[in-house]
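Next come the chains, spelled out residue by residue.
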Amino acid sequence: MIRNILGSLVALAGAASAVLSPFRDWYAGRAGQDYRLEDLFGGITAAESGVLVSILLPFLAAALLVIVGVVLRSRLVVALAGLVVLGFTILWMVRQGQAAGSLAVAGDGSGLQVGVVNALAGGLLMLIGALLMSGRGRRGRRSRREREPVEPYAAPAADQVDTWPPTQEPGMSVQTSPWPEPEVDPYTGPDPRDPRTRSYPQAPHPEDDPRDPVHPPHRPPPQG
C-alpha cells in the first residue's frame with residue numbers, strides 16, 4: 001500500500017513536469033509548444049505551431065496514461081507513459097540536432113534550455129514511479145487464495161484404515177482390532193525361589209490362566 005502511494009506521487013509529479021515543459025523554452029529561446037508534432041517526423045522548421053498540434057499533445061496523452069495507471073495500480077501503464085515522454089523528447093533532440101548541426105548547452109540561451117530538462121526529468125520520474133509501485137496482481141492472487149474455502153480432510157475409504165487424526169498417508173492404523181487392548185499387570189506375584197515368600201500363593205502361569213484377556217469368560221452350560 002505504501003509503495004503504491006509513493007510510486008503514484010512520483011509518477012504524478014513526473015506527469016506534471018512533462019506537461020509543463022512545452023510551455024518553457026527548449027532551444028535558443030523557442031518554447032516547446034512552438035514545435036509542430038509533424039516536425040518531429042519530417043524535420044524541424046521555423047513554422048509556428050498551435051498548442052494542440054504541438055509537442056504538447058503526446059505529453060498530455062502520457063499524463064492521461066499516468067492517471068489511468070495510478071487508478072488501476074498498473075505499473076505497466078505508468079512505465080509506458082514514461083517511455084512516451086522520453087521517446088518524443090529524444091526524437092526532438094535528434095531532429096533539432098540535425099537542423100542546427102549540433103546540440104549544445106550554453107549559458108546565454110543559445111542551446112538546450114530548461115524545457116528539455118523538465119521533459120526528460122518527467123519521463124524519468126514516471127519510470128521511477130512505476131518501479132516503486134507494487135501493482136495489484138500479486139495482492140489479487142493472494143486475496144483469491146484467501147477467499148477459497150478450505151476443504152476438510154477427506155474420510156479414508158472403507159478398505160483403507162487410517163490413523164486419527166487424519167494424516168492423508170496410506171497405511172494401516174496402529175490399532176486394527178475393534179476390541180480394546182488388554183492391560184498388562186506388571187506384578188507377577190512372589191518369587192517361588194525366595195524362602196521368605198515361598199509360602200505365598202502363586203499366580204497361575206499365563207498358559208494356565210483360563211481367563212481370556214480380550215473376551216470375557218463364559219460360564220459352562222449347566223449339566224442336565
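Preceding this paragraph is the structure being described.
Predicted model, so just to flag it, every value in this text is computed and none were measured.

Caption draft 1: Layout of the overall build of the protein chain. Secondary structure summary: the protein chain contains six helices and two strands in total. Out of the 224 residues belonging to the protein chain, those deemed buried represent 28%. Counting contacts in the protein chain only where the partners sit at least 6 residues apart, residues at least 24 apart contribute 64% of the total.

Caption draft 2: Seen up close, unusual backbone geometry. The phi torsion at Ala-28 lies on the positive side, around 55 degrees, for a residue other than glycine. Position of Ala-28 relative to the elements: it lies in the loop between strand S1 (25-27) and strand S2 (30-31). Within the chain, Arg-73 stands out as a residue other than glycine whose phi angle is a positive 55 degrees. Considering the arrangement of structural elements, one finds Arg-73 in the loop between helix H3 (56-72) and helix H4 (75-100).

Caption draft 3: Spatial organisation of the pattern of salt bridges. Per the counting criterion, the structure on display carries two salt bridges. The closest approach of N and O atoms between Arg-36 and Glu-38, which form a salt bridge, is 2.8 Å. In this structure Arg-36 comes out as partly exposed when scored by relative accessible area, which is 23%. A cluster of three or more residues bridged by salt bridges with shared partners is formed by Arg-36, Glu-38 and Asp-39.

Caption draft 4: Geometry of the packing of helix H1 (residues 2-20) against H3. Two elements in contact, H1 and H3, have axes whose closest approach is 9 Å; the angle formed by their N-to-C orientations is 165 degrees. Judged by the inter-axis angle, H1 sits roughly antiparallel to H3. Crossing hand, H1 versus H3: left-handed. Mapping the contact onto sequence places Ser-8, Ala-11, Leu-12, Ala-15, Ala-18 and Val-19 in H1 and Leu-56, Phe-59, Leu-60, Ala-63, Val-66, Ile-67 and Val-70 in H3. Partitioned by chemical class, the residues of the contact of H1 with H3 number 12 nonpolar, one polar and no charged.

Caption draft 5: Structural context of the packing of H3 against H4. In the contact formed by H3 and H4, the axes pass within 7 Å of each other and the chain directions differ by 165 degrees. The orientation of H3 relative to H4 falls into the category roughly antiparallel. Between H3 and H4 the crossing geometry is left-handed. Contact residues: H3 offers Pro-58, Phe-59, Ala-62, Leu-65, Val-66, Gly-69 and Val-70, while H4 offers Val-77, Val-78, Leu-80, Ala-81, Val-84, Val-85, Phe-88 and Thr-89. Taken together, the residues that form the contact of H3 with H4 break down as 13 nonpolar, two polar and no charged.

Caption draft 6: Focus on the side chain of Gln-113. Position of Gln-113 relative to the elements: it lies in the loop between H4 and helix H5 (114-132). A polar atom in the side chain of Gln-113 sits 3.4 Å from the backbone nitrogen of Ala-28.

Rules and cut-offs
Residues numbered from 1 in each chain as written. Predicted model: local features only at pLDDT ≥ 70, side-chain atom pairs only at ≥ 80, totals over all residues. Heavy atoms only, no water. Helix = DSSP H or I, 4+ residues; strand = E, 2+ residues; numbered from the N terminus. Buried < 20%, exposed > 50% of the residue type's maximum accessible area, 1.4 Å probe, protein only. Contact = heavy atoms within 4.5 Å. Salt bridge = Lys/Arg side-chain N within 4 Å of Asp/Glu carboxyl O. Axes fitted to C-alpha atoms, helices over the stretch in contact; angles between N-to-C directions. Parallel < 35°, antiparallel > 145°, perpendicular 65-115°, else oblique. Left-handed = near helix turned anticlockwise from the far one by under 90°. Nonpolar A, V, L, I, M, F, W, Y, C, P; charged D, E, K, R; others polar. Polar contact = N/O pair within 3.5 Å; in protein donor to acceptor, adjacent residues only side chain to side chain.

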